[in-house]
Every structure is written in structure tokens, then in C-alpha cells.
Amino acid sequence: EKDDYWPELTLPDKGDRPPMPPAEKEQWGRKLNALGKLMTDAGVWWQLDGALNISLRDIKQGGDYIGQHGDVDLSLLADELTKFKAYAETQGYGLFHYTKDKPTGRKKFTEISGNDAKPIKGTKLRLLAVDRKTGKMRTDTDLSIAGIVPYYRDPKGQFIAEYRGLVLPAKWLHGETMPFRDTSLTLSHP
């Protein structure tokens, strides 16, 4: 594995998404199928978030990907992260805090250890496929990495957005389940 290899695609900040070539569509199909299979027995609330929702809703209606995608955004409830972490570890994954040094672009992943998985301000959460013998990220699997977007519940049980602390409608907790290949995916509320 090369030190500079990164399995996520960086898309331009402005303009249209480049079209997704057929081989890349197949790769994304395998990646999303692996995600669905991973989450089937996770026992936690989850939704697929981000721009992939738009593509998958289009695909469900007979359309296609809206263009290239850079990553998988997986929403989880913050108070279920510890449970998810324990499950993910049995499946060959680990939960990590991620930071990127702006001047150098160097990425740093710190695995969450112990029995308490919490977001830390100034970091992002990532799910990584891990080779426990070498301690390195596995890139030989269909789903090597996913971004974790934590959502919160306030003391009243209301759904809270990650960044702004806004109370979101309860109906947004109920996504749409979509059959996908030999599994299913839960898409976030549009």
C-alpha cells in the first residue's frame, strides 16, 4: 500500500460533478452493497446521508448516478456510537477520529479505544476497514471507509442536527428503505 493512496475521491468545489464512468458505477454498487450488508445486523439507527441519496433516489426511479461521488456519509445517533463501535469491530472495522492538517494536507486517524465512543470537537468520525495484524487501513475491501455524521437527541428525545444544535422534525428520523442488490439501504429524509 502506498502512503499517498486515498480511497475517497476529491471532487471540485464548484461546477457540475464529472460523469461517473461504468467501471466506477460498478465499484459504487459494490461499496453500497457492502454498506447495506454491514448495517443489516448493526442494531442501531442509521441512514445514508449526503449526495448519494440524490443518486439512489434517481436510480430507484430508473435513473442514474448524478455524477461522481467522493465518499459515503453514514448518519448514526451519537448515543449509539459505542454500541456501533463494538459491532463494527466484530466485522473488521474500527471507529476513528480524523483530522487533516491544512498546511500539509496530512491526514491523521486516531482509533477510538475503550468502551466509550464520542465525537470530539475539531475532528470528524470515520469508519475504516482495518487489518488488525498490521494496524493499517484495508483497501482490498469494497467498503474501506465511510464518514460518520453523528446526530443527537436532546433530553426530550428530539432529533438535533450535528453542527448547529437545531431541533429537526421527528419525521426526519424515519428515512426510506430502498432495496439495493442483495441488501437494502436506508436513505435519509429528503
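Note that the coordinates shown come from a computational prediction; the quantities given were computed from them, not determined experimentally.

The rules behind each value
- Residues numbered from 1 in each chain as written.
- Predicted model: local features only at pLDDT ≥ 70, side-chain atom pairs only at ≥ 80, totals over all residues.
- Heavy atoms only, no water.
- pLDDT = per-residue confidence, 0-100.
- Contact = heavy atoms within 4.5 Å.
- Phe/Tyr/Trp six-rings, centres within 6.5 Å; stacked < 30°, edge-to-face > 60°.
- Buried < 20%, exposed > 50% of the residue type's maximum accessible area, 1.4 Å probe, protein only.
- Lys NZ or Arg CZ within 6 Å of the ring centre and 35° of its normal.
- Helix = DSSP H or I, 4+ residues; strand = E, 2+ residues; numbered from the N terminus.
- Core = buried A, V, L, I, M, F, W, Y, C linked by side-chain atoms within 4.5 Å.
- Pairing = 2+ DSSP bridges.
- Salt bridge = Lys/Arg side-chain N within 4 Å of Asp/Glu carboxyl O.

Peer 1: Any details on the confidence of the model for the protein? Residues and values, ideally.
Peer 2: Mean pLDDT for the protein: 88, with 91% of residues reaching 70 or above. Confidence over residues 1-6 falls short of pLDDT 50; this stretch has 7 contacts with residues more than four positions distant or in other chains.

Peer 1: Report on the packing of aromatic side chains, specifying residues and quantitative values.
Peer 2: Counted according to the given criterion, the structure contains 6 aromatic pairs. Ring centres 4.9 Å apart and planes at 40° place the aromatic pair Tyr 151 and Phe 159 in the tilted group. Each of the two residues, Tyr 151 as well as Phe 159, counts as buried. The ring of Trp 28 has Lys 31 lying over it, and the distance from NZ or CZ to the ring centre is 4.0 Å.

Peer 1: Give me unusual backbone geometry: which residues, what numbers.
Peer 2: For Arg 181, which is not glycine, the phi torsion reads 50° and is therefore positive. Take Arg 181: it is sitting in the loop between strand E10 (176-180) and strand E11 (183-187). Owing to a relative accessible area of 46%, Arg 181 belongs among the partly exposed residues under this scheme.

Peer 1: Tell me what's going on with the nonpolar core, and back it up with residues and numbers.
Peer 2: Among the nonpolar cores identified, the biggest contains 35 residues, and Leu 32, Met 39, Leu 48, Leu 76, Phe 84, Leu 127 and Ile 148 are the most heavily contacted of them. If you tally residues by element for this core, the top one is helix H1 (residues 22-40), at 5 residues. Beyond its immediate stretch of four places on either side in the chain, Leu 76 contacts Met 39, Val 44, Trp 45, Trp 46, Leu 81, Phe 84, Ile 148, Val 149, Pro 150 and Tyr 151. Formed by 8 residues, the second largest nonpolar core is a distinct cluster that contains Val 149, Phe 159, Ala 161 and Leu 173.

Peer 1: Provide a residue-level description of helix H3 (residues 81-90), including the pertinent values.
Peer 2: In an α-helix there are 3.6 residues to a turn, and that puts residues three or four apart on one side. When H3 is considered as a whole, its buried residues turn out to be Leu 81, Phe 84, Lys 85, Tyr 87 and Ala 88. The first or second residue beyond H3 is Gly 92, which carries a positive phi of 90°.

Peer 1: Mind laying out the pairing of strand E5 (residues 124-131), listing which residues take part and the relevant values?
Peer 2: Most of E5 is tucked away: 6 of the 8 residues are buried. In this sheet, E5 lies alongside strand E3 (residues 93-100) in antiparallel orientation, the contact comprising 6 bridges. Following the sheet pairing, Tyr 93 is matched in E5 by Ala 129. Both E5 and strand E7 (residues 145-153) contribute to a ladder of 4 bridges, which runs antiparallel. Opposite Leu 127, over in E7, you have Ala 146 as the bridge partner. Counting the residues that bridge the hairpin from E5 to strand E6 (residues 136-137) gives 4 residues, and of these Gly 135 lies at a positive phi of roughly 75°.

Peer 1: Could you give me a rundown of the pattern of salt bridges, with the residues and numbers involved?
Peer 2: The tally for this structure, following the rule as stated, stands at 12 salt bridges. One salt bridge in this structure joins Asp 142 and Arg 30, with 3.3 Å as the shortest N-O distance. Here Asp 142 is found in the loop between E6 and E7, whereas its partner Arg 30 is found in helix H1, with 112 residues between them in sequence. Looking at Asp 142, the relative accessible area reads 36%, which means it is partly exposed. We note a salt bridge from Glu 89 to Lys 85, for which the minimum N-O separation is 2.8 Å. Placement of both Glu 89 and Lys 85 in helix H3 is noted, with a separation of 4 residues, approximately one turn of the helix. According to the relative accessible area criterion, Glu 89 is partly exposed, its value standing at 33%.

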